[in-house]
Amino acid sequence: MNTTLEPQKKSNFIREIIDEDLKIGKREGRVHTRFPPEPNGYLHIGHAKSICLNFGLAADYNGKFNLRFDDTNPEKEEQEYVDSIVEDVHWLGGNFEDRLFYASDYFEQMYDYAVDLIKKGKAYVCELNGDEIRATRGTLTQPGTNSPYRNRSIEENLDLFEKMRQGEFPNGAKTLRAKIDMAAPNINLRDPIMYRIVHAGHHRQGDTWCLYPTYDWAHGIEDSLEGITHSICTLEFENHRPLYDWFLDELGIYHPQQIEFARLNLSYTVMSKRKLLELVKNNYVDGWDDPRMPTISGMRRRGYTPQSVRNFADMIGVARRDALTDLALLEFAVREDLNKKAQRVMGVLKPLKVVLTNFPEDLTEELEGVNNPEDASMGTRMIPFTRELYIEQSDFMEVPVPKYHRLAPGTEVRLRYAYIIKCEEVVKNEAGEITKLRCTYDPETRSGTGTSQKKVKGTIHWVSAKHAVPVEIRLYDRLFTVEDPGSEKEKDYKEYINPNSLEILSSVVEPFVKNAKPGATFQFERNGYFCVDTKYTTADKLVFNRTVTLKDTWAKMK
RNA sequence: UGCCGAGUCGUCUAACGGUAGGACAGCGGCCUUUGGAGCCGUAUGCGGAGGUUCGAAUCCUCCCUCGGCAGCCA
């Protein structure tokens, strides 16, 4: 149980429901949640919200959390998705222990329950085809009409249902329907379909079944069988709750409580599996784990930490109103976490050569750099300093604008951990482009020596040319150019794809980074957080993904 | 037009009849050998109209706006 010693978790309406349930001793005071994905795609940040919610509730209330695949539709589901989902839930920290379940493991039990309903006169085999069912369902404002097969005898229903299972009928020929009310104002109650015939191999059941349960019929049973106490799902299932309750009540079995919350929408991206699948299939992105994708695997590859995603989930809270969450919240969450953990290092994204004309040709000085100012235990490292360096192109302006604290002709700037230098000469090629800066350094100004009182406004990062490790750096920008690409009814969301969401750079980093392992995260000082890409990094070439930039107050001033 | 649901700072989210608070974003400042981090300060909000009440974001009525639902998807 939660104790008063623990930090107070942010209140939300689901916690209030649970608190009340616990108070009145409902369901033996247990809390047992689940995350029930269909394995028809990769998990995204919206699913992460649900996982954190469900797992967090179980953890905080000393309860249990199940991972259950809702694999009731063989035509869309694949083992690849199962594997990725298990990996993602684990990575996020969702601990389901040994409780990994599959709806398909309950098919036999569901079938028996269906027979029970038939025997109670609450379900019937219907021979209407898809068009006919649609036509007799009525509309939002008009009631439907009864199926001509609605009043078959129980014996005939039992016989037909058995034959459906045996594979005697083709796809779509017959369905099993609940006998509820064709005039119900809630369309879900107009004799909903419980089983459809699908002759297709199932990723786990193979050809055992040609009869597959629908979501509405299956889901409550799955929850019931697992002893789930609070069945948390998103708002679009709200209209299905009466049906969830109806099935469980008619069956007379353990009855969990369905609670709906608003799904996550994030600005500048899309969250539907259908759209994400389309981006992948049509190569708008480089797979489900493309770092620009809002998928968990994409975010992992981009350098997000599980902790940052969990913090984000806590920040956004849980409610019942539709919302569009600002991407800035997610970026804040990852910066906050990485700031505490990331090894600092210097890397020059777009290099500009600097020659220190008064620095000895063959000298290499070793300068000490702090690995993480937020965490002294991470220690220090030595950084080589030589006559020829690279600095960031953006750290030099031939004609500086006001408030520009960096290098310009005749001005001084500090090199991080090193000396103050002065720009003496700008070297250009025939095209007039700046190719090199000739500077002088002031030997009295070495960092930490305190031998000079000289102060400069700016400090810039650099890499010794002789020691520079060439790397590829991938900069990512938002995938879409508008806040809510999916909301425009008249336009296809793909029209808003950002054509500049990926920029690939040839860059240099300090030698400390040379043997970094795939997945390792660094802060390139003044630039942002970067991680070694797990897909394209090879033995002789490091590829970095920019996870997120540092907050840049200078960029805002411009 | 039927049913269900939701409206609180720019964004997300608290409040449970008793001073509308927090986070992010913004703005101003301090500090700084990362224009990072940190610290301090600051502005902005209860969809509308009535009603009940000493007192309403909260309870009631009406209105407005937005979202979901007519798959043999989940």
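Residues numbered from 1 in each chain as written. Chains lettered and ligands numbered in written order. Predicted model: local features only at pLDDT ≥ 70, side-chain atom pairs only at ≥ 80, totals over all residues. Heavy atoms only, no water.

As for helix α4 (residues 107-119)
Within an α-helix, residues lying three or four positions from one another point in the same direction, as the helix has 3.6 residues per turn. Basically, it comes down to this: Secondary structure follows DSSP: runs of H or I at least 4 residues long count as helices, runs of E at least 2 residues long count as strands, and numbering of each begins at the N terminus. The span one expects for a helix is its residue count, reduced by one, times 1.5 Å. Think of it in three bands: residues with accessible area under 20% of the maximum for their type are buried, residues over 50% are exposed, and the middle band is partly exposed, with areas taken using a 1.4 Å probe on protein chains only.
Its 13 residues place the ends of α4 18 Å apart at the C-alpha level, agreeing with the 18 Å of an ideal helix rising 1.5 Å per residue. What α4 keeps buried is the set Phe 107, Met 110, Tyr 111, Tyr 113, Ala 114, Val 115, Leu 117 and Ile 118. Taken from the residues just after α4, Gly 121 is the one with a positive phi, measuring 75°.

Describing the confidence of the model for chain A
Quick note on the threshold: Predictor confidence is given residue by residue as pLDDT, running from a minimum of 0 to a maximum of 100. Only heavy atoms matter for contacts: two residues are in contact if any of them lie within 4.5 Å across the pair.
For chain A, per-residue confidence averages 96 on the pLDDT scale, and 99% of positions sit at 70 or higher. Taken as a whole, residues 1-7 scores under 50 in pLDDT and shows 6 contacts with residues more than four places along the chain or in a different chain. Predicted complex, confidence summary: ipTM 0.97, pTM 0.96.

What to know about the domain arrangement of chain A
Heads up, the rule is: Note that the domain bounds reflect an automated or database-derived domain assignment. The quantity reported as buried area is the accessible area (1.4 Å probe) lost by two parts once they are put together, taken as the sum for both. Any carboxyl oxygen of Asp or Glu within 4 Å of a side-chain nitrogen of Lys or Arg constitutes a salt bridge here. Counting of polar contacts relies on pairs of N or O atoms within 3.5 Å, with two restrictions inside protein: one atom must be capable of donating a hydrogen and the other of accepting it, and residues adjacent in sequence are counted only when both atoms are side-chain atoms. Throughout this entry, Asp, Glu, Lys and Arg are counted as charged residues, while Ala, Val, Leu, Ile, Met, Phe, Trp, Tyr, Cys and Pro are counted as nonpolar. The remaining residues, Gly among them, count as polar.
Domains assigned within chain A are domain 1 (13-261), domain 2 (273-343 + 471-557) and domain 3 (347-461). Listed per partner, the contact involves 24 residues of domain 1 and 23 residues of domain 2. Taken over both partners, the interface formed by domain 1 and domain 2 buries close to 2,200 Å², and the fraction arising from carbon and sulfur atoms is 68%. The interface formed by domain 1 and domain 2 holds 4 salt bridges in total. In this structure, the salt-bridge partner of Arg 320 is Glu 260, at a minimum N-O distance of 3.2 Å. At the boundary of domain 1 and domain 2, one finds 8 residue pairs in polar contact (both at pLDDT 80 or more). For the side of domain 1 that touches domain 2, the secondary-structure elements that each account for two or more residues are α1 (13-23), α2 (45-60), α3 (79-92) and β9 (257-261). Examining the composition of the side of domain 1 that touches domain 2, we find that 6 residues originate from one element, α2, more than from any other. Here the side of domain 1 that touches domain 2 is composed, by residue class, of 13 nonpolar, 5 polar and 6 charged.

Topic: the protein's contact with RNA strand B
Which entries qualify depends on this criterion: Whether a residue is near a molecule or strand is decided by its heavy atoms; if any one of them lies within 4 Å of it, the residue is near.
Surveying the vicinity of RNA strand B reveals 72 residues, the closest of which are Glu 16, Glu 238, Ser 447, Gln 523 and Arg 526. Within 4 Å of the protein, the contacting atoms of RNA strand B are 62% sugar and phosphate, with bases supplying the remainder. Here a sugar or linking oxygen of RNA strand B and a side-chain polar atom of Asn 73 are 3.1 Å apart. Between RNA strand B and Lys 403 there is a distance of 2.9 Å, counted from a base nitrogen to a backbone nitrogen or oxygen. Elements with a minimum of two residues in the surface near RNA strand B: α5 (130-136), β6 (193-197), α11 (306-316), α12 (327-341) and α13 (553-557). The residue inventory of the surface near RNA strand B, partitioned by class, reads 24 nonpolar, 21 polar and 27 charged.

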